[in-house]
Amino acid sequence: MTPIATSNGAARGVAEGRPRILIPEKVSPDGMAMLEPHFDVDVKLGMTPEELISQIPGYHGLIVRSETKVTEEVLLAGKKLRVVARAGVGVDNINVPAATSRGIIVVNSPSGNILAAAEHTIALLLATARHIGRADGSLKQGGWERSKLVGIEVGRKILGIVGLGKVGMNVARMAKGLGMQVIAVDPYANPDMARQAGVDLASNLKEILPVVDFLTIHTPLLATTLDLVGEEEFKLMKKTARVLNVARGGVYNEAALVKALDEGWIAGAGIDVFTSEPPKPDSAAGQITKHPKVVATPHLGASTVEAQENVSIDVCTQVLEILRGGLPTSAVNAPIILPEEYRKLQPFVQLIEKMGRLYTQHFVRTKGGLVGGRNFELIYHGDLAGMSNTKPLYAALVKGLVASFSDSHVNIVNAALIAKEKGIKISETHSHQPGEQTYANLVTLRAAHAEDGSGEQIIEGYASGKRLYISKLDRFNATFTPEGTMIFLHNYDEPGKIGGVGMVLGSHGINIRFMQVASLDEDSKQAEADAMRKGNEALMILGIDRLVDEEVMEGLRRSEGVLDVVLVQL
Ligand SMILES: NC(=O)c1ccc[n+]([C@@H]2O[C@H](COP(=O)([O-])OP(=O)(O)OC[C@H]3O[C@@H](n4cnc5c(N)ncnc54)[C@H](O)[C@@H]3O)[C@@H](O)[C@H]2O)c1
Ligand SMILES: O=C(O)[C@H](O)COP(=O)(O)O
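From a predicted model like this one, the values you see are computed outputs, not experimental measurements.

Talk me through the nonpolar core; I want residue IDs and the actual numbers.
The biggest cluster of nonpolar side chains holds 52 residues, and the ones touching the most others in it are Ile352, Leu358, Tyr359, Val371, Phe376, Ile459 and Phe488. It is helix H14 (residues 339-366) that provides the largest number of residues to this core, a total of 10 residues. For this core, the two domains that each supply at least three residues are domain 3 (337-473) and domain 4 (481-569). Among residues more than four places away in sequence, those in contact with Leu358 are Phe363, Ile459, Ile470, Leu473, Phe480, Phe488, Val568 and Leu570. Grouped together as the second largest cluster of nonpolar side chains are 31 residues, Ala241, Leu257, Ala260 and Leu261 included.

Structure, rendered in structure tokens:
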């Protein structure tokens, strides 16, 4: 990857005249006032994509919100572009990989509009409870429909929150202030922070759907959160329940939401975001905006004077810093390490990021392990133990741990802040055991409950040149390269197991790239023998050529002697 931010950023600064900044959306003037003494700032609203492509070649910086699509075509045309700044949280409207490959740094404001989004969620919660949208509309049409608009109180009602992150946690606190009971689903949340906020953590979505009076989702839009709530989930809810979306269009399946409202599976919805914005009239999103049971707003979650001041000042400060050759505070695509460290540390940065991803996807699924509120220990062996600067390795672990459930963009500048935000505690140990029998440059990742250190989970790995290997996963000794799509099948070590698994996968046309059977480590074998348990456990590790659906996973889980099956993407 082309290093973006260099320590001698000035060399990549802007050679000719005053740099020029283009702002094609409404951004608060407070931040712009910081830029105008140093740069030529042009605000050009309402441009078409073609007009943006024709204008961008003359600019060094571009500041957008969520409406401007910063496509690869725009970035290719931006011959002088050094920075694209998102005055907000979500960067789904920016082709970040294309920016990275062209050495253009992307920054955002991860926290500037969080309170605004939380308050808008509460506004929609109350509006759906008291039919505010229909009441206002009918009055404006000359009506006086008091008997048809009897609402419900929210006090003592149950609010379900999916995603207890920055926005979700603020919504929880506000709802508690309204006298609501709050239950949340977030496998990565920090249990201590939830408990302190009076929020009960549930283990999965289907557990809370039948009991909540209101449901609100505050997750990023990821492959794992797209269509999180569909017809099956809506049918589980109370007919009096209301749903809210101030996160991203698509976390509720929009066609299913229209059907749930039409069929009376739920009573109402408060929706601020849509899969296409503005919604096309004949789309499901368009039907939602017109539905009588919906209170809809045009992506206003961050549209307050205060939030826009916050995000504008935040990103303009970073633009100023970058164009002066400095490093930003909230870079979306800055490298974990700077060029000079690249050669030596890069293999271990990649290895430890993979270990973090493997932990989150494997242990959270099999052991109900949490990320927030756990103590992680990174133990460096061999030559690594002598490294003084291990900040890139710390940042790589934070990035790997959060990558599966958040769109936070971790880099060496913000890693410690994001870890604190997620309640992730990481200690680093340099192991200088004399004569230690270990792979050169071995890394051990231990995770345990923060309170009592119980429930320890271990992953070990090492790098050989540019090749990365995992050498231990939980209680099993294994040597495999952590890459691509993988299945981990925990089973009793009996004859015919391999054939059975091959049959299930083969019958679904899934090609096995490699397979390995990992055995228990010596301590665990002894424990099995002491416990006189039948048959040793084993861990079958398969690399496959593509993602598999739930039907295949269930087929594997139903195989004789299988204890658990996990699908992982690394
Ligand atoms: N409508 C608006 O104007 C507006 C304003 C601000 C933020 N947002 C959006 O709100 C969303 C949340 O923002 P944030 O800053 O709170 O993000 P965040 O990263 O702080 O929190 C997201 C939370 O979701 C959790 N999560 C991820 N996948 C999950 C899953 N499958 N099940 C349960 N929990 C899961 C994560 O663990 C994390 O705690 C983002 O999409 C952001 O773009 C919208
Ligand atoms: O991701 C965000 O910050 C919000 O969706 C706000 O988007 P906006 O800047 O277009 O209001």
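Please set out the site of ligand 2 residue by residue, giving values where relevant.
Contacts to ligand 2 come from Arg65, Ser66, Arg86, Ala87, Gly88, Val89, Gly90, Asn113, Arg248, His299 and Ala302. Separating an oxygen atom of ligand 2 from a side-chain N or O atom of Arg248 is a distance of 2.7 Å. A distance of 2.6 Å separates an oxygen atom of ligand 2 from a polar side-chain atom of His299. Starting from 310 Å² of accessible surface for ligand 2 in isolation, the protein chains cover 91%. Of the residues assigned to the shell around ligand 2, the class counts are three nonpolar, five polar and three charged.

Tell me what's going on with unusual backbone geometry, and back it up with residues and numbers.
Residue Pro278 follows Glu277 across a cis peptide bond; omega there is -5°. Along the chain, Pro278 turns up in the loop between strand E11 (268-271) and helix H12 (284-290). The phi dihedral of His299 is positive, around 55°, even though this residue is not glycine. As for its position among the elements, His299 is in the loop between strand E12 (294-296) and helix H13 (305-323).

Got a sec to walk through the site of ligand 1? Specific residues and values, please.
Neighbouring ligand 1 are 30 residues, the closest being Lys166, Val167, Asp186, Val246 and Phe405. In this structure, an oxygen atom belonging to ligand 1 sits 2.7 Å away from a side-chain N or O atom of Asp186. Starting from 870 Å² of accessible surface for ligand 1 in isolation, the protein chains cover 95%. At the level of secondary structure, the elements contributing two or more residues to the shell around ligand 1 comprise helix H5 (114-129) and helix H7 (166-177). Of the residues in the shell around ligand 1, the class split is 14 nonpolar, 11 polar and five charged.

Give a description of the pattern of salt bridges that names residues and reports values.
Across all of its chains, the model carries 15 salt bridges by this definition. Of the charged contacts in the structure, one is a salt bridge between Glu550 and Arg557, with a shortest N-O distance of 2.9 Å. For Glu550, a relative accessible area of 48% gives the class partly exposed. Connected through shared salt-bridge partners, Glu377, Arg446 and Glu456 make up one network.

Any chance you could break down a nonpolar patch on the surface for me, citing the residues and the numbers?
On the surface, a cluster of nonpolar side chains totalling about 230 Å² of accessible area is made up of Ile498, Met515 and Val517. Mapped onto the elements of the fold, Ile498 is located in helix H17 (residues 497-507).

Describe in detail the packing of aromatic side chains, supporting the description with residues and values.
Tallying each qualifying case throughout the model produces five aromatic pairs. Consider the rings of Tyr359 and Phe376, whose centres lie 5.1 Å apart with planes at 85°: the pair is edge-to-face. Residue Tyr359 is found in helix H14, and its partner Phe376 is found in strand E13 (residues 374-380); the two are separated by 17 residues along the sequence. You can call Phe376 buried: its relative accessible area is 1%. Every member of this aromatic cluster is reached through a ring pair, and the members are Tyr359, Phe363 and Phe376.

Can you lay out the sheet that holds strand E18 (residues 476-480) for me, pointing to particular residues and giving the numbers?
With mixed pairing, the 10 strands of this open sheet are ordered in space as E14-E13-E15-E16-E17-E18-E20-E21-E19-E22. The sheet is open, and its two borders are formed by strand E14 (425-430) and strand E22 (562-569), each paired with just one other strand. The mean inter-strand angle of the sheet, taken between neighbouring strand axes irrespective of direction, is 20°. Pairing between strand E19 (residues 485-492) and E22: seven bridges, direction antiparallel.

Report on the packing of H17 against helix H19 (residues 550-557), specifying residues and quantitative values.
A pair of packed helices is characterised by two quantities: the angle between their axes and the separation of those axes. Running from amino to carboxyl end, H17 crosses H19 at an angle of 160°, the nearest separation of the two axes being 10 Å. One element, H17, and the other, H19, form an angle in the roughly antiparallel class. As H17 runs across H19, the sense of the crossing is right-handed. In contact with Val501, Val504 and Leu505 of H17, H19 contributes Val552, Gly555 and Leu556.

Quick one: what's the story with the environment of Leu62, residue by residue and with numbers?
Within the secondary structure, Leu62 sits in strand E3 (residues 61-64). Along the backbone, Leu62 and Val83 are 21 residues apart, and their C-alpha atoms lie at a distance of 6.5 Å. With residues up to four places along the chain from it excluded, the contact list for Leu62 reads Leu22, Pro24, Leu52, Ile56, Val70, Leu81, Val83, Val84 and Ala85.

Would you mind going over the layout of surface pockets in detail, with residue names and values included?
Reported here for the second largest pocket is a volume of approximately 190 Å³. Lining the second largest pocket are 14 residues, and of these His131, Arg134, Pro292, Lys293 and Val294 sit closest to its centre. Only helix H6 (132-140), E11 and E12 provide two or more residues apiece to the lining of the second largest pocket. With three residues, E12 is the largest single contributor of residues to the lining of the second largest pocket. Class assignment for the residues of the lining of the second largest pocket results in six nonpolar, five polar and three charged.

Break down the sheet that holds E3 for me, citing the residues and quoting the values.
Strand pairing in a sheet is mediated by backbone hydrogen bonds. Such pairs are either parallel or antiparallel. Strand order in the open sheet formed by five strands is E2-E1-E3-E4-E5, with parallel pairing between adjacent strands. Across the chains shown, the open sheet's two edge strands, defined by having one partner strand only, are strand E2 (40-43) and strand E5 (105-108). For this sheet, the mean angle separating the axes of adjacent strands, direction not counted, is 20°. Judged from the four bridges that link them, strand E4 (residues 83-86) and E5 form a sheet pairing that is parallel. When the bridges of E5 are listed, Val83 appears paired with Ile105.

Go over the packing of H5 against H7, please, and point to the residues and values.
Interaxial distance between H5 and H7 falls to 8 Å at its minimum, and their mutual angle equals 50°. The angle between the axes of H5 and H7 places the two elements in the oblique class. In this structure, the crossing between H5 and H7 has a hand that is right-handed. Here Ile114, Leu115, Ala117, Ala118, Glu119, Thr121 and Ile122 of H5 lie close against H7, whose contacting residues are Lys166, Val167, Asn170, Val171, Met174 and Ala175.

Cut-off values and rules
- Residues numbered from 1 in each chain as written.
- Chains lettered and ligands numbered in written order.
- Predicted model: local features only at pLDDT ≥ 70, side-chain atom pairs only at ≥ 80, totals over all residues.
- Heavy atoms only, no water.
- Core = buried A, V, L, I, M, F, W, Y, C linked by side-chain atoms within 4.5 Å.
- Buried < 20%, exposed > 50% of the residue type's maximum accessible area, 1.4 Å probe, protein only.
- Helix = DSSP H or I, 4+ residues; strand = E, 2+ residues; numbered from the N terminus.
- Domains from an automatic or database assignment.
- Contact = heavy atoms within 4.5 Å.
- Near = heavy atom within 4 Å.
- Polar contact = N/O pair within 3.5 Å; in protein donor to acceptor, adjacent residues only side chain to side chain.
- Areas by Shrake-Rupley, 256 points an atom, 1.4 Å probe, with all protein chains shown as cover.
- Nonpolar A, V, L, I, M, F, W, Y, C, P; charged D, E, K, R; others polar.
- Salt bridge = Lys/Arg side-chain N within 4 Å of Asp/Glu carboxyl O.
- Patch = residues over 30% accessible without salt bridge, like charges linked within 9 Å, V, L, I, M, F, W, Y side chains within 5 Å.
- Phe/Tyr/Trp six-rings, centres within 6.5 Å; stacked < 30°, edge-to-face > 60°.
- Pairing = 2+ DSSP bridges.
- Axes fitted to C-alpha atoms, helices over the stretch in contact; angles between N-to-C directions.
- Parallel < 35°, antiparallel > 145°, perpendicular 65-115°, else oblique.
- Left-handed = near helix turned anticlockwise from the far one by under 90°.
- 1 Å grid on protein atoms, 1.4 Å probe; cavity = no way out; pocket = protein on both sides within 12 Å on 5 of 7 lines; lining within 4 Å.
- Points joined across faces, edges and corners; volume = space filled by probe spheres on them.

The analysis is restricted to geometry; functional conclusions fall outside its scope.
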